[in-house]
Amino acid sequence: MHEHRLTTDGRIERFLRDVLGPQRIAERIPLAVTASVVDGEPIPFAEAVARPFAPFAVGSEWGRAWDTVWFRVTGEVPAEWSGADGRHEVELEVDLGYSSRLPGFQAEGIVYDASGRMLKGLEPLNRFVPLPHAGAVDLLIEAAANPNIADDFSFRATPLGHRDTAGDALLYVLRRVDLVRRDVRVTELWHDATALWDLVGQLPDEQPRRRRIVEALARVVDLVDPDDVAADVDRAREVLAVELGRPAHASAHRVHAVGHAHIDSAWLWPTRETVRKFARTLSNVLDLIDRDPDFRFVASSAQQYAWVQQHYPELFERLRTAVDSGRIIPVGGMWVESDATMIGGESMIRQFLLGSRFFREAFGVESDIVWLPDSFGFSAALPQIFLGVGATGFVTQKISWNDTNRMPHHTFSWEGIDGSRILTHFPPVDSYMSDLGAADLAKAERQYAEKAVGSSSIVPFGWGDGGGGPTREMIALGRRKGDLEGSPRVEFSTPAAFFDEARQEIARPPVWSGELYLELHRGVFTSQAETKQGNRRSEALLHEAELWAATAAVRSGAPYPHEELDAAWRIVLLQQFHDILPGTSISWVHEEAEERYAQVRRSLESLIDASVAALAGEGDRALRAISSPCDPAAFAIVESDLGTRSDALGRAVGRADDGGFVLESDTLRVVIDRGGRIVSFVDLTSGRELIVAGEPANRFQLFRDRPAQWDAWDLDENYRRTGREVDDVVSCEIEGEAVVLRLTAGASTIEQRISLSPDGAALDLDVHVDWREDRMILKLALPVGILADRASSETQFGHVHRPTHANTSWDAARFETVAHRWVQVEEPGQGLVVANASAYGWDIQRLDRDGRGVGTLLRASLLRAATFPDPDADRGEHDFALSLRPTRSISDAVAEGYRRSRPPRALRGATPVAPLVRLEGGSAVIETVKLADDRSGDLIVRIYEASGASTTTAVVVDARRGEAQCVDLLERERGDRRDAFAPDEEIVLLLRPFEIVTLRIRLDASAV
């Protein structure tokens, strides 16, 4: 037969767009609208409904950036619409002025009835609210004028990211507020036709399946009267039923369609807006649950549920009912979907401890699926942590964003640094917000890497980032693709169901060992330095506060401040969200983060002061409280040596013959030239010079930082071609026991204090920067004469090794990496560690001269100056603390990292205090000392093996104790009694490399 494809396709598209789509609405009536504008922050319904409302004309502008406007809409359902005939539904349809692009990034609303019951959210692609078939209409709409900062992700600087700079322009036009009568049968025909037409776009031209669907749709176009679709709807559906009834191929991929709405806890909006975004999304989901018996929805982040519990108690009760019935499934078990590379190991555990506790107390459920679809890379320590909190599966998709290499697996075992493995799934749809369209489903089937042994994958569906969630159109589409020729089979499902099936299908999944490095967004290790430093300081203070509070509770009977510590942890855990800690949010978010970190600091300093005062007593002796676990006096309060003269420790600073400077101790000799550069660094213990001639260390360098996209996120490799030395020296002179260097760098100034550490074995570099650049990155270059094939970088509860060369595309892609407190390079018998208390980003590569490798170049990334989404990111004053120390082992590096991050605390008191707990022997480290989360008074001691080697250590508790038992990371019994120790039994632990052990110790606090 002859075919006129362009004509036929055009007729079908126009019929769907101009005829069938509009006639889903049989009738519409405009409603009366009044409005009340809220200045400042949002207000609750009870306050809003009592305000005066003024007439508001549809078609008028509304909403300055971040404003809230309450609209009241009133009217009457016509008598002729009354009665539920099964053929029509009555709805409110609202167009707040949004577009169909980026639905989670624009104006949104929540619709309430006159009693204050939340009915449903309004989103750009979800504009309706179901209503009764009769009676008066009296509804209130809380409309949020959220500005579209994303702006199609053009990455242009914008003032819209803060109320103070956003301006007074009205952003939106209220286009429509109508009462509508929707024709159910025409709507079903529209779903039938669009499902098939959607599928056509993924079928080859020559395939018979495509031709038959097109022919069926063309027959419907011919059959239906365009002026009265309803008259022909039944016959049209019969035509399409034939094609909709053709089953999928026996080997078709199976999709576990998981309802989802990835909602960033803060990003291009502040956290206060996330409270409303989650409420809107939940109200949408509850409406869908009422409509469809098979639909289920998953959501993570205990923090977001807690916000709903606090602000919307009536909605929370409906949510609780949906959780009880299995229709809404809390997943992830974390407080928020956090960053997964920069946060400390204890922080990651607390994400689960507080998150799981909330899920358990609020809903009586626990999640064994870790759900982190959007974090920017994943530490190699995580498999052990995930297993330790009771997880059995892990889901993410972010690694699909790699810019260089494609991950070879979608369902696999991920192996961590200690050998732990967890079953992991990357949805091959490469998205956490599919619309269940044919393009997404075909992509999932096409890309699924394990198709030789497996047949299924997860497809999370629903609008995300800014929320909204699944829509009725998505569900209708998914239903028609349950068993449809030419499409993967679609089943509304859950992550747990997928993992059950995956375990049955893939008995021996492939293994990926090591970190899941995201080959994109490499700038997040540096952006918004103040936010990152707030996290690092808070983690250290939490460690101190718990240590001294636990010691005071046992030693002196002081009450343990559970509530205050929990409150501080909740703030810190929220700020670890994967768009806050990485520095990729608007200025409002980062300003709030810094205010919250200051709040945490005040609270924890007060707790620490109270605890050490209770321990040391009233007195005037100079003491030091030692919180570093690697100090010889770890966890003790000892006599201070503040009065000891430096030269008694063998330390000296003086002038060199050439006008430079020499810092020298019994173990270290450092020569600094008049420009502040380190030209000699001699380890006197080994006699080794660690600086390559002609390659001085301690060089500040500036590079242009203009990524192709994702400004605050990305650091493109081409930045390396634009570097220049910062060599405009204002002064370099001896001040006290330090050499102080002052530089100018463009419009910025740098002051660096160079001194020997108190023990004389390390060189401390303390840097103050007044940063005034735009779109530049500041690095501190530390080339050293150690020719290392790999560098060791600290991560949670251990370290990872990364090549210093670029032999493969995988190596080359890691041109900017993350480290916690230290990086180390070594040759046999000689190493050097660079420790830091404040920076995360590094680039480490071979140092070459005269055509050969002669050492290793380590560069710490200190500051960036992105202009999107925060046009003023990082501008201002910053302090950084680094050090260089020769090492003989990884243990030296670990100790140096703790020294720089957890310095001693000076105090006055009556008496020193012995440590409550300590280790004897081995390479293990005590990371955490606290009282148990369940308020039992038990002592919790978290220990990890730090060097990457099996070790044996004895745990000594300086208090009368009962039984001690190894428990999981959530402080629960592990199901066996093999690691239990009687009260009179020595606690001896055999740890495998990088193993984390949590000891739960029953104490008699009355006897020490």
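Residues numbered from 1 in each chain as written. Predicted model: local features only at pLDDT ≥ 70, side-chain atom pairs only at ≥ 80, totals over all residues. Heavy atoms only, no water.

Some words on the pairing of strand E34 (residues 748-756)
At step 1: Note: strand E33 (residues 738-745) against E34, 7 bridges, orientation antiparallel. The residue of E34 that forms the bridge with Arg742 is Glu751.
At step 2: Turn length for the E33-E34 hairpin, with the two strands adjacent in sequence and antiparallel, is 2 residues, and the turn residue Gly746 shows positive phi of about 65°.
At step 3: Pairing of E34 with strand E35 (residues 763-771), which is carried by 8 bridges, proceeds in the antiparallel orientation. (Pairing = 2+ DSSP bridges. Helix = DSSP H or I, 4+ residues; strand = E, 2+ residues; numbered from the N terminus.)

A few points about the confidence of the model for the protein chain
At step 1: Residues at a pLDDT of 70 or more form 98% of the protein chain, whose mean pLDDT is 96.
At step 2: Within the model, the stretch residues 642-648 combines pLDDT values under 50 with 3 contacts to residues more than four positions away or in other chains. (pLDDT = per-residue confidence, 0-100. Contact = heavy atoms within 4.5 Å.)

Looking at the pattern of salt bridges
At step 1: Going through the model one piece at a time under the given rule, you end up with 113 salt bridges.
At step 2: Between Glu142 and Arg276 there is a salt bridge, with its nearest N and O atoms 2.8 Å apart. Residue Glu142 is located in strand E10 (residues 136-144), and its partner Arg276 is located in helix H6 (residues 271-291); the two are separated by 134 residues in the primary sequence.
At step 3: Its relative accessible area of 3% is what places Glu142 among the buried residues. (Salt bridge = Lys/Arg side-chain N within 4 Å of Asp/Glu carboxyl O. Buried < 20%, exposed > 50% of the residue type's maximum accessible area, 1.4 Å probe, protein only.)

Some thoughts on the packing of aromatic side chains
At step 1: All chains considered together, the criterion is met by 39 aromatic pairs.
At step 2: Ring centres 5.2 Å apart and planes at 70° place the aromatic pair Phe56 and Phe71 in the edge-to-face group. You can see Phe56 sitting in the loop between strand E3 (54-55) and strand E4 (61-64) and its partner Phe71 sitting in strand E5 (residues 68-76), a full 15 residues away along the chain. Taken as a pair, Phe56 and Phe71 share a single burial class, namely buried.
At step 3: For the ring pair Trp62 and Phe71, a centre distance of 5.6 Å and an interplane angle of 85° mean the geometry is edge-to-face. By the burial criterion, Trp62 is buried, and Phe71 matches it.
At step 4: The structure contains a cluster of three or more aromatic residues connected by ring pairs, namely Phe105, Phe153, Phe155, Trp267, Trp269, Trp401, Trp710, Trp713 and Phe868.
At step 5: One residue, Lys120, lies across the ring of Phe128, its end atom 4.3 Å from the ring centre.
At step 6: Sitting over the face of the ring of Phe128, Arg472 holds its NZ or CZ atom 3.4 Å from the ring centroid. (Phe/Tyr/Trp six-rings, centres within 6.5 Å; stacked < 30°, edge-to-face > 60°. Lys NZ or Arg CZ within 6 Å of the ring centre and 35° of its normal.)

Quick notes on the sheet that holds strand E44 (residues 876-887)
At step 1: Pairing within the open sheet is antiparallel, and its 9 strands lie in the order E32-E33-E34-E35-E44-E41-E40-E37-E38. With partners counted over all chains shown, the strands left at the sheet margins are strand E32 (728-735) and strand E38 (798-803), one partner each. Between one strand axis and the next, the sheet turns through 20° on average, direction left out of account.
At step 2: With 6 bridges joining them, strand E41 (residues 830-836) and E44 adopt antiparallel strand pairing. For Leu832, the partnering residue across the bridge sits in E44 and is Pro886.
At step 3: Its contacts with the sheet place helix H14 (residues 529-556) against E41 and E44, and it is angled at close to 55° to E44. (Axes fitted to C-alpha atoms, helices over the stretch in contact; angles between N-to-C directions.)

Digging into the sheet that holds strand E1 (residues 25-30)
At step 1: Spatial ordering of the open sheet is given by E1-E12-E6-E9, a layout of 4 strands whose pairing is antiparallel. The open sheet has two edge strands, E1 and strand E9 (128-130), and neither has a second partner. Geometrically, the sheet is characterised by an average inter-axis angle of 30° between neighbouring strands, direction not taken into account.
At step 2: Note that strand E6 (residues 88-95) and strand E12 (residues 176-183) share 8 bridges and pair antiparallel. Across the sheet, Glu89 pairs through a bridge with Arg182, a residue of E12.

Side note on unusual backbone geometry
At step 1: Of note, the amide linkage connecting Phe868 to Pro869 takes the cis form, showing an omega dihedral of 5°.
At step 2: Residue placement: Pro869 occurs in the loop between strand E43 (852-863) and E44.
At step 3: Positive phi values are uncommon outside glycine, yet Asp152 reaches one of about 60°.
At step 4: For Asp152, the position within the fold is in the loop between E10 and strand E11 (170-173).
At step 5: Judged by relative accessible area, Asp152 falls into the partly exposed class, the value being 45%.
At step 6: We note that Arg935 has phi near 65°; this positive angle belongs to a residue other than glycine.
At step 7: Structurally, Arg935 is set in the loop between strand E47 (924-931) and strand E48 (939-945).
At step 8: Judged by relative accessible area, which is 34%, Arg935 ranks as partly exposed.

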